[in-house]
Amino acid sequence: MIAFVLASASPSRLHILEQAGVDPLVRHPEVDEDALQAGMPAGTPHVRVVEELARAKAEDVLQRHGEQLAAEARSAGSDTLVVVGCDSMLLVDGRLEGKPHTYERALERWHTMRGRHGVLLTGHALIVADLAGDTPYTVTFSDSDTSDTTVHFGAPSDADLDVYLRTGEPLECAGAFTIESLGGWFIDRIEGDPSSVIGLSLPLLRRLLEAAGINAHRVWRPELRG
């Protein structure tokens, strides 16, 4: 059996996994994303930035919670631990935009991107640990990859933007938008993986699992596996 750990505080990522048949253990990473990004060499490729942030989150959760997670997994009959971390940023005009955090910053971004398009990059990091042996766990696989989805933004009125941003919904979302809830009113179309826009690409996760020798169905709930 496999114990699946989501290294994220994102309700959207959790919802994607639950809808896809996974009941993950959730642990929130403690990573200073701004400091980590500032410490990267100038000219670091955009995909590398989001992958490194995703990897840092997965590694942080495994380092801080690994022994407890391994004990919980063993008690539930699992012999393998899978940890997934993600990070999303919007690429517009050659710049990566993360979470705006404030109304003012979100409004500035929307004034720039409405009626245009951007590319949402979501880095995914997968760590697999074996729970056999005398140590709490042994890492047997670690890899990362990035999904990219082009998002075509509508041109909401200033009145719509004001109300939308004051709900607070997009303030803690990469690029200052959502697609699965209120923000869906202002997204004209996407080109690529819709689950990635919400925060976690199921096709990319499947490929990472396969690279680790794990079929996707092995992380589904037991009743779905038959």
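Numbering of residues starts from 1 in each chain and follows the order in which that chain's sequence is written. With the structure being a predicted model, the display of local features is reserved for residues of pLDDT at least 70 and the display and counting of side-chain atom pairs for 80 or more, all residues being used for whole-chain, interface and lining totals. Note that water and hydrogens are dropped before the side-chain values are worked out from all heavy atoms of the structure.

1. A closer look at the overall build of the protein chain
Here is step 1: Secondary structure elements are taken from DSSP: a helix is a run of H or I of four residues or more, a strand is a run of E of two residues or more, and numbering for both begins at the N terminus. Looking only at helices and strands, one finds 8 helices and 7 strands in the protein chain.
Here is step 2: Over its C-alpha atoms the protein chain spans a radius of gyration of 18 Å, differing by no more than 12% from the 17 Å that the globule rule assigns to 226 residues.
Here is step 3: The buried label applies to any residue whose accessible area, calculated with a 1.4 Å probe on protein chains only, is under 20% of its type's maximum; exposed applies above 50%, and partly exposed to all values in between. A burial count over the protein chain gives 47% of its 226 residues as buried.
Here is step 4: Carbon and sulfur atoms form 50% of the exposed surface of the protein chain, whose accessible area is close to 10900 Å². With C-alpha atoms as the basis for the radius of gyration, the globule rule is written as 2.2 Å multiplied by the number of residues raised to the power 0.38. To be clear on the numbers: accessible area is Shrake-Rupley with a 1.4 Å probe, and residue cover counts the displayed protein chains and nothing else.

2. Section: helix 1 (residues 11-19)
The periodicity of an α-helix, 3.6 residues per turn, causes residues three or four positions apart to be oriented the same way.
Here is step 1: Taken together, the buried positions of helix 1 are occupied by R13, I16 and L17. Buried residues in helix 1, looked at end-on, bunch into an arc of 95 degrees, giving them a common side. Of the residues in helix 1, the exposed ones pointing more than 90 degrees away from the buried face are P11 and Q19.
Here is step 2: On its buried face, helix 1 is in contact with strand 1 (2-7), strand 3 (80-92), helix 6 (194-198) and helix 7 (202-211).
Here is step 3: Sitting at the amino-terminal end of helix 1 is S10, which places a side-chain oxygen 3.3 Å from the backbone nitrogen of S12. Think of the arc as the fan of directions from the helix axis to the C-beta atoms. In this description, contact between two residues means that some pair of their heavy atoms is separated by no more than 4.5 Å. Here a polar contact means two N or O atoms within 3.5 Å. Within protein one must be a hydrogen donor candidate and the other an acceptor candidate, and residues neighboring in sequence count only if both atoms are side-chain atoms.

3. So, the nonpolar core
Here is step 1: Formed by 19 residues in total, the largest nonpolar core has its most connected members in L90, W110, L120, V151, F153 and F177.
Here is step 2: Broken down by secondary-structure element, the contributors of at least two residues to this core are strand 3, helix 4 (103-113), strand 6 (138-153) and helix 5 (158-166).
Here is step 3: Ranked by residues supplied to this core, first place goes to helix 4 with 4 residues.
Here is step 4: The contact partners of V151, leaving out residues within four places of it in the chain, are R116, H117, G118, L120, F177, I187, R189, I190 and V197.
Here is step 5: We define the nonpolar core as a collection of buried residues of types Ala, Val, Leu, Ile, Met, Phe, Trp, Tyr and Cys that are connected through side-chain atoms lying within 4.5 Å of one another. Membership of the second largest hydrophobic core comes to 18 residues, among which are L6, V22, V84 and C86.

4. Re the environment of P203
Here is step 1: Inspection of the secondary structure assignment puts P203 in helix 7.
Here is step 2: P203 sits in the partly exposed class, given a relative accessible area of 28%.
Here is step 3: Aside from chain neighbours lying at most four places away, what touches P203 is D193 and S195.

5. Describing the environment of R48
Here is step 1: By the secondary structure assignment, R48 is in helix 3 (residues 46-75).
Here is step 2: Residue classification places R48 among the partly exposed positions, given a relative accessible area of 45%.
Here is step 3: Remark: the alpha-carbon pair of R48 and C86, spanning 38 residues in sequence, is separated by 12 Å.

6. A short note on unusual backbone geometry
Here is step 1: Within the chain, D93 stands out as a residue other than glycine whose phi angle is a positive 55 degrees.
Here is step 2: Turning to its location among the elements, D93 is positioned in the loop between strand 3 and strand 4 (95-97).
Here is step 3: Positive phi, close to 70 degrees, is recorded for A176, a residue that is not glycine.
Here is step 4: Tracing the backbone shows A176 in the loop between helix 5 and strand 7 (187-191).

7. Quick notes on the packing of aromatic side chains
Here is step 1: Two rings belonging to Phe, Tyr or Trp (six-membered ring only in the last case) form a pair when the distance between their centres is within 6.5 Å. Interplanar angles under 30 degrees mark stacking, angles over 60 mark edge-to-face geometry, and anything in between is tilted. Inspection of every chain in the model, using the stated rule, returns 5 aromatic pairs.
Here is step 2: Consider the rings of W110 and F153, whose centres lie 5.5 Å apart with planes at 80 degrees: the pair is edge-to-face. Within this pair, whereas W110 is found in helix 4, its partner F153 is found in strand 6, the two being separated by 43 residues in sequence.
Here is step 3: Here R166 stacks its cationic end above the ring of Y103, 4.5 Å away from the centre of that ring. In this scheme, Lys NZ or Arg CZ marks a charge over a ring once it lies within 6 Å of the ring centre and within 35 degrees of the ring normal.

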